[in-house]
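Residues per chain are reported as follows:
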Amino acid sequence: MNPIVNGQDYRLVVGLDIGSANITCSVGQANTSTNSIKLRAISSISSSGIKRGVITNRNALIDTLENVINDAERMANVKITNTILSITGEHIRSLNTQAAIPLNRINGVKGGISERAINDTDIFQVLDLAQAVSLPIDRDILHTIPQEYLVDTLDEIKDPLGMTGRRLEGRVHLVTAATTAITNLVSCVEELGITVDGLVFQPLAAALATLKNDEMELGITLVDIGSTTTSVAVYYAGTVQHSATIPLGSSSITNDIAVMLQLSVADAEIIKMKYASAKSSMSSSELEIELPSKNGGLKRSVPEQEVSSYVEARMEEIFQMVIREISRADIKDPLTYGIVVTGGGAELRNIISLAENSMGVKVRKGKPINIDGAQDIADGPRHSTAMGLLLWPLFSTDHIQMEKPKNRSFKGLIEKIRHTIEEMF
Ligand SMILES: Nc1ncnc2c1ncn2[C@@H]1O[C@H](COP(=O)(O)OP(=O)(O)OP(=O)(O)O)[C@@H](O)[C@H]1O
Ligand SMILES: [Mg+2]
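Residues numbered from 1 in each chain as written. Chains lettered and ligands numbered in written order. Predicted model: local features only at pLDDT ≥ 70, side-chain atom pairs only at ≥ 80, totals over all residues. Heavy atoms only, no water.

For the pair helix H8 (residues 304-328) and helix H9 (residues 351-359), the least separation of the axes is 10 Å and the interaxial angle reads 50°. Taken together, the axes of H8 and H9 are oblique relative to one another. As H8 packs across H9, the resulting crossing turns out to be right-handed. Contacts from Glu312, Met315, Glu316, Phe319, Gln320, Val322 and Ile323 in H8 reach Ile351, Leu354, Ala355, Ser358 and Met359 in H9. Classifying every residue of the contact of H8 with H9 by side-chain character gives eight nonpolar, two polar and two charged. (Axes fitted to C-alpha atoms, helices over the stretch in contact; angles between N-to-C directions. Helix = DSSP H or I, 4+ residues; strand = E, 2+ residues; numbered from the N terminus. Parallel < 35°, antiparallel > 145°, perpendicular 65-115°, else oblique. Left-handed = near helix turned anticlockwise from the far one by under 90°. Contact = heavy atoms within 4.5 Å. Nonpolar A, V, L, I, M, F, W, Y, C, P; charged D, E, K, R; others polar.)

Here you go:
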C-alpha cells in the first residue's frame, strides 16, 4: 500500500483513528526518498456512535467522521479520497504460526537438484502458507507480521533474500478480526466517498509512532490506554511477538468515580481530569474536592486521596491484565526496555509511578516522536495511534500490505486473502 497520490506533486497519507472517546484525522505528506512523513494537518472530535470498537449508532458515527474529515481537509487544504483506519475491540485475536517450503528445485536438469538463491517469490510463498490457517467463516486476517525466517538450521534470520539452503521456514504473527466489525467500519467511511486502503490494529500503529528500533529489538511492550479498551503489543527481536485487547480503559475509572460518589458520568470525568492521581499515597488526605450537589441539596466534598484510591484500584487491575498478556508472549529474556504507556489514558497523573510499582518494570510515557512537524501540535500520548497510521504505509512489515493488490480497496484485499487461503487447500 503506497501513500496516495493526490493529483499533485506530493504524496498524501491520511489516518483515521476511530476511538470511543475521540476520533482523530491526521494528514501527512510522505517523502519516499527520505522515508519520512511531515504532518500537514490533524483534527480531533469527541466520538459518537462507537464503543469498544463496536458501532452502536451508524448514522451518528458517519456524521462525526464527516465533520472530522472536513476539518482536516480545510486545515490541509486538500481533498481526502483515501484513508487508513485504526481498529480495536474484543473481537481482535492474535496467534503465531509458521510454515516451510522446500528450496531445492529440479531446474530442468534431469534427475538433478540445483541450489539457488532465495528470491521474493519464495518469501511471499512461505508467508502466504504461514497465514493459511483455517479461520472461522466470520473472521478475517488483519495483519501477517513476519517474525523470523529459518534457512535449514539457521534461525533468527530477518531477511533471507539471496541466501541458499534446502528449506525456508517463516514464522509470523497473525492478527485476526471479526468480519462484521471490519465491514461495518469500512462501510461507514466508504459512505463518505472515501476509499479505505487498510485497517491497522491500534497498538501496532501507536508503536510505530512512539517506539525506537532498539527498543523493539531488545524488548518492549506498548500499552495503549484508550477510553474503553487497553490494547497491548509486545515487541522483541525487532518484531511483534504478541498483541491483545483488554476490555477496560480510562472510562472504567470515570465509571468507578461516578458509582462510588454517586455522580453523573460527565461530572465524574471532570473530577478525574482535574484531581485524580493514579497513586493515592501521592495525593493529599487534607485536600477536599468539592462535588456538584445533587438536585440543589447540601454541598458535598470528598478527600482527594479517596478519589485516587478508586483510580489506583482500577489501574492496578488493568496493569495486572497487561502483565498476563506479556506472559502470553512467552519470551524467555526480560524485556530490556520494559513498558511504554500511551493513549489518552496515559495522561493520568502519577501513572508512571503506579505502573512501575504495580508491574515491577521500567515504564515510560509514549509520545509520537517519529513524525516531522508534530511537535506542540500532535505530540501528546492521545495522538500516538493517529500519527502511527501515517507511518504505516512506509514502515510496516505487514505481508498483507506488501501484496499490492490491483484493487486497492479493503474489500478487494480481503477477497484476495480469502482467495489465497482457499488456494492452499
Ligand atoms: N489528563 C487526563 N487524565 C486522566 N485521563 C485522561 C486525561 N486526558 C485524557 N484522559 C482519558 O483518556 C481517554 C481518551 O483517550 P483516547 O483518546 O486515547 O481514547 P480512544 O482512543 O477514543 O478510546 P478507545 O481506544 O478505547 O476506543 C478518556 O477516557 C479520557 O478520560
Ligand atoms: Mg484509541
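What follows is about H9. Helical geometry note: an α-helix holds 3.6 residues per turn, so side chains three or four residues apart project in the same direction. Turning to H9, its buried residues are Ile351, Leu354, Ala355, Ser358 and Met359. One face of H9 carries all of its buried residues, which in axial projection span an arc of 105°. Next to the buried residues of H9 lie strand S13 (220-225), H8, strand S18 (339-342) and strand S19 (363-365). Residue Gly360 follows H9 closely and has a positive phi angle near 65°. (Buried < 20%, exposed > 50% of the residue type's maximum accessible area, 1.4 Å probe, protein only. Arc of directions from axis to C-beta.)

Mapping Ser358 onto the fold places it in helix H9. You can call Ser358 buried: its relative accessible area is 17%. A distance of 3.3 Å separates polar atoms of two side chains, one belonging to Ser358 and the other to Glu316. For Ser358, the residues in contact, after removing those within four places along its chain, are Glu316, Phe319 and Gln320. (Polar contact = N/O pair within 3.5 Å; in protein donor to acceptor, adjacent residues only side chain to side chain.)

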